[in-house]
Amino acid sequence: MEETRRTITHYERELQEIKQNLLYLGALTEKAIENVTASLLERKSDVARQVIEGDAEIDRLDTDIEEQCIRLLALRQPIARDLRFITTAIKINGHLERIGDMAVNIAEKVLLLNEVPQLKPYIDLPRMAVIAREMIRGSLDAFVREDCELANRIRRMDAEIDTLNEQIFRELLTFMLEDARTIHRALLIMQVSKNMERIADHAKGMADMVVYMVTGINVRHQWPGDATQDVCANKRQDS
Amino acid sequence: MKGRLFFKIFATYLAIAVLSIGIVGILAGSQIRAKLEKQIERELMSYAGLVDLHPMQEIQPRVEEIARVAGVRVTVIDREGKVIAETDPEAVTLGSHLERPEIQEARVRGKGSSTRYSRTLHEDMIYVALPIRKGPELVGYIRLARPLGEVRKTIEAFSEILLQSFLIILVSSVAVAFLFSRKLTTPIRDMEQFTERLRRGETPGTLLIRSSDEIGLLAENINYLVAELQQRIAALQEEKAKVEAAFSSAMDGVVLLDIDGKIETVNRGMRDLMGERYGDITGKTPLEAFRNLDLQKALDRFRASGQPLLQEIVLGEEPHAVFDVAISPVRGVSGGEGKTMLVFHDVTRLKKLERMRVDFVANVTHEIKTPLTAILGYVETLQEGAIEDRETARKFLSTIARHAERLNRLVEDLLTISNAELGEIHFSFESVAVSGIAQSVLAVIQQKAAGKGIRIASEIPEGLPPVRADRDRMTQVLLNILDNAVKFTPEGGGVTLSAEAASGGEVVLRVADTGIGVPREEIGRLGERFYRVDKTRSRELGGTGLGLSIVKHLMNAQGGRMEIESRLGRGTTVSLYFPVWRGAA
């Protein structure tokens, strides 16, 4: 009796550890986005380079978490809720790692942008960054608290990012049409915007997985509109 | 519950009564019985001895007589045990009597007796037997028997007395037990209720028991203990309240982590520092609550080393809050093992001041270096031969003079500001008429404005009260503000100087322009030294970056204040509040 109780506690501690590690990884990616945005706005190339170097830590943690999850799957053979938790953790881990890579992509573009005069003041890009970070944080919050409603809210935030991305695209298009010399810079900024949009997509993917974890329903390819409003209503009761 | 003690006492009394009466009954009963039996035996013996059985042939009538007189049953048997005479007709048929114990005893000892249950008569009987001799020759035995009913009756009577006394004892012991237990339990119940109230945390007062025996002493001791206990509780509560007050009213945020690293307690200071942003963070890990990498890394380092450490962290989006977080183990508190205390000290303001100081030094250096470089460059050129060319030399010298002037202005401004900060500017306050001073400054600024095509309007109403100010400083302030207004208003714009009496015994002078304006978020920083909204433009216009800072200082030192409203692209309004003159004080 005593023996089994200790094993359960140990097992739960392992699950807890995965949670904490994912939060840490999330904080790392958030920081990367914050830094890369700052490096863009303040034209600080050294900060951008820090972001590129910092990706190694993200990659290492990604590998660690994945190993942790696979070991848990192999040794404990979890079922039901725990199984969904671990598969979700693996997926979220992958998304976070990709977000780190996107931050690196942006940093590389920022390095190029910092070598040429600024095309225009950045207004929508920092807004995208703020929303993207909020989505990452929100998804992880929802994951840790198993909060389906929050996850659903995060999924809907993706639309804002898409709107901003399109807005930037149109704006840059007018720049390019007016003056061919702006094309190089405009394209770089577009790539920054595109990567930011991809980051938000990954954050949404994380939120999708949280909905799956809590309800057992796969919403990855559904538009988070009214149809899935009540997706959280049928929470799985198995444990 | 209520009568338990009563029953204990009662049962004890009862047991004692039962035991003593039982012993008396058994001992006395057997004694009485033995004595009665002996007596009967002796009586029977003497009857038996009376019998003269000669001749044997006439024995039956004699026996009958004895039986009648003595009220006994008489049996005579011969040597072989054959019954010769028998007074009880029901017992005639019996066989040999020789085996009976009393006969046996009589044969051996000369007389015998026995008490036993007679199966023939179904009753306890006492038997005595004597041998009958003819000369030396044994011819038979005579046996007398009497039922023991008499003895039984006596014993029963005795038992009845015993039973009666037992009943009397029973009743009296119930009464005694009741009285005694009540006397005993009343104070005990009082004490029990008293301590119960104490246990529930009420203030029970003093226990009143008038008794000088052990119970009285006990009550006294309880009173003493309660008083002592309450004193201690009060002292502890006071101590606890002090600690809690310190914990909750500390401006610093205090967060306590439990042994699993989860947030256990958060003080009010911390809640105030965090605001709404983080919600309820108890039960979460710091990583979960704050998502702060620096904090997490510091916690990891602390867990690895166990050594207290200090970490600076930045929390939240713009505007950031900067905290010095002290991480230390909880020591010296029972139940505190393995817990961690985080103390968040808000250093946002300090950080800002620090940055301002660093900026100031950098700014001063920069401001001085620019004209100095120019001067040195021109001087060098002159030295290298340009001085020979009079035309060029004159041009260079005028440039050098302009830069030197700029340097001078900067140094003067710096001196003014440093004096103002040190409180070393001496003001000579007097009653100043607003309209007079407005006219004089407008006359000065008019020229400059005309050159840029800017209209200057004046809206000074009649009958404004005079203000209390230093005339020169007031002129300086107004000129500075008007100069700024003209500088930052594009050609064709307008600048208006107006004045009105404000509430609170003040007169406000307003300088409104239709200039470029200032972004809302920058307004607060306008009074900072060297703070420029548009750095290059301001310097082009010949500003030192200290103007508004000086104005702010001078206004404050004169007991007034400066307020700025602005809208980007629409213009700026600077309001200068001066106190109304209330006579020389």
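Residues numbered from 1 in each chain as written. Chains lettered and ligands numbered in written order. Predicted model: local features only at pLDDT ≥ 70, side-chain atom pairs only at ≥ 80, totals over all residues. Heavy atoms only, no water.

## Brief notes about the overall build of chain A
When helices and strands are counted, chain A shows six helices and zero strands. Counting helices and strands in the order they occur from the N terminus, chain A gives α-α-α-α-α-α. Counting across all 239 residues of chain A, residues that qualify as buried make up 52%. Of the roughly 11600 Å² that chain A leaves accessible, carbon and sulfur atoms contribute 52%. (Helix = DSSP H or I, 4+ residues; strand = E, 2+ residues; numbered from the N terminus. Buried < 20%, exposed > 50% of the residue type's maximum accessible area, 1.4 Å probe, protein only. Areas by Shrake-Rupley, 256 points an atom, 1.4 Å probe, with all protein chains shown as cover.)

## Quick notes on the overall build of chain B
Helix and strand counts for chain B come out as 14 helices and 17 strands. By the burial criterion, 38% of the 585 residues in chain B qualify as buried. Here the contacts in chain B between residues at least 6 apart in sequence split such that 56% fall between residues at least 24 apart. Of the roughly 34500 Å² of accessible surface on chain B, 56% is carried by carbon and sulfur atoms. (Contact = heavy atoms within 4.5 Å.)

## Comments concerning the confidence of the model for chain A
Chain-level statistics for chain A give a pLDDT mean of 86 and a share of 91% at 70 or above. Note on residues 1–6 of chain A: pLDDT under 50 across the span, and zero contacts to partners over four residues away in sequence or across chains. (pLDDT = per-residue confidence, 0-100.)

## Structural notes on the nonpolar core
Grouped together as the largest cluster of nonpolar side chains are 76 residues, with contacts concentrated most on A:Leu96, A:Ile136, A:Phe143 and A:Ile199. Considering every element that reaches this core, the biggest residue donor is helix α6 (residues 183–215) of chain A, with 15 residues. Grouped together as the second largest cluster of nonpolar side chains are 49 residues, B:Val467, B:Ala469, B:Met555 and B:Val580 included. (Core = buried A, V, L, I, M, F, W, Y, C linked by side-chain atoms within 4.5 Å.)

## Considerations on the interface of chain B and chain A
Across the boundary between the two partners, chain B contributes 13 residues, which contact 17 residues of chain A. A buried area of about 1300 Å², summed over both sides, lies between chain B and chain A, and 51% of it is on carbon and sulfur atoms. By the criterion of area lost to chain A, the three top residues of chain B are B:Leu287, B:Arg291 and B:Leu293, representing 48% of everything that side buries. Two residues, B:Arg291 and A:Asp141, come together in a salt bridge whose shortest N-O distance is 2.7 Å. Where chain B touches chain A, the interface holds three residue pairs in polar contact (both at pLDDT 80 or more). It is helix α8 (residues 293–305) of chain B that contributes the most residues to the side of chain B that touches chain A, three residues altogether. Its residues placed into classes, the side of chain B that touches chain A shows two nonpolar, three polar and eight charged. (Buried area = accessible area lost by both parts, 1.4 Å probe. Salt bridge = Lys/Arg side-chain N within 4 Å of Asp/Glu carboxyl O. Polar contact = N/O pair within 3.5 Å; in protein donor to acceptor, adjacent residues only side chain to side chain. Nonpolar A, V, L, I, M, F, W, Y, C, P; charged D, E, K, R; others polar.)

## So, the side chain of B:His403
Turning to its location among the elements, B:His403 is positioned in helix α10 (residues 390–422). Those residues within four positions of B:His403 in sequence are excluded, and the remaining contacts are B:Pro371, B:Ala374 and B:Ile375.

## Notes on the sheet that holds strand β3 (residues 112–118) of chain B
All names here are of chain B. With antiparallel pairing, five strands are arranged side by side in an open sheet as β2-β1-β5-β4-β3. Two strands lie at the open edges of the sheet, namely β2 (83–86) and β3, each paired on one side alone. Across this sheet, the average inter-strand angle for adjacent strands is 25°, counted without regard to direction. As judged from the 10 bridges shared by strand β4 (residues 123–134) and strand β5 (residues 137–147), these two strands associate in the antiparallel manner. Paired with Leu130 across the two strands is Ile142, which belongs to β5. Contacts from helix α2 (residues 59–70) reach β1 (73–78), β2 and β5 within the one sheet, and its direction differs from that of β2 by about 45°. (Pairing = 2+ DSSP bridges. Axes fitted to C-alpha atoms, helices over the stretch in contact; angles between N-to-C directions.)

## A few points about helix α4 (residues 124–145) of chain A
Residues and elements named next belong to chain A. For α4, spanning 22 residues, the distance from its first C-alpha to its last is 31 Å, which sits close to the expected 32 Å at 1.5 Å a residue. A large share of α4 lies buried, amounting to 18 of its 22 residues. In the segment just after α4, Glu146 is the residue with positive phi, at about 55°. (Expected span 1.5 Å × (residues − 1).)

## Concerning the pairing of strand β16 (residues 561–567) of chain B
Residue and element names in this part refer to chain B. In β16, alternate side chains face the same way, and those of Met562, Ile564 and Ser566 are buried while those of Arg561, Glu563, Glu565 and Arg567 on the opposite face are not. Note that β16 and strand β17 (residues 571–579) share seven bridges and pair antiparallel. When the sheet's bridge partners are listed, Arg561 is paired in β17 with Tyr577. Connecting β16 to the next strand, β17, in antiparallel fashion are three residues, including Gly569 with a positive phi near 85°.

## Points about a nonpolar patch on the surface
Residue and element names in this part refer to chain B. Residues Leu19, Ile23, Ile26 and Leu27 make up a contiguous nonpolar surface patch of about 440 Å² in total accessible area. Relative to the elements of secondary structure, Ile23 occurs in helix α1 (residues 4–50). Take Ile23: its relative accessible area is 45%, and that puts it in the partly exposed class. (Patch = residues over 30% accessible without salt bridge, like charges linked within 9 Å, V, L, I, M, F, W, Y side chains within 5 Å.)

## Some thoughts on the pattern of salt bridges
Counting across every chain of the model gives 34 salt bridges over all chains. Residue B:Lys339 pairs with B:Glu264 through a salt bridge whose shortest N-O separation is 3.2 Å. Of this pair, B:Lys339 sits in the loop between β9 (321–329) and β10 (340–346) while B:Glu264 sits in strand β7 (residues 263–266), and the two are 75 residues apart along the sequence. With a relative accessible area of 35%, B:Glu264 lands in the partly exposed category. Shared partners join several salt bridges into a network, and the residues in it are A:Glu30, A:Glu34, A:Arg133 and A:Arg137.

## Things to note about helix α11 (residues 434–452) of chain B
Residue and element names in this part refer to chain B. Taking 1.5 Å of rise per residue, the 19 residues of α11 would be expected to cover 27 Å, and the 26 Å separating its terminal C-alpha atoms lies within 8% of that figure. A bend of about 35° at Gln446 is the largest found in α11. Here the buried face of α11 lies against β11 (429–432), β12 (455–459), β13 (467–470), α12 (471–487), β14 (494–502) and β15 (506–513). Taken from the residues just after α11, Gly453 is the one with a positive phi, measuring 70°. (Bend = angle between axes of the 7 residues up to and from the residue.)

## As for the packing of aromatic side chains
Residue and element names in this part refer to chain B. One pass over the structure, following the stated rule, counts five aromatic pairs over all chains. An aromatic cluster is present here, built from Phe290, Phe323 and Phe344 joined pairwise through their rings. Above the plane of the ring of Phe429 lies Arg468, whose end atom (NZ or CZ) is 3.9 Å from the centre. In this arrangement the basic side chain of Arg561 is found over the ring face of Tyr577, its NZ or CZ atom lying 3.9 Å from the centre. (Phe/Tyr/Trp six-rings, centres within 6.5 Å; stacked < 30°, edge-to-face > 60°. Lys NZ or Arg CZ within 6 Å of the ring centre and 35° of its normal.)

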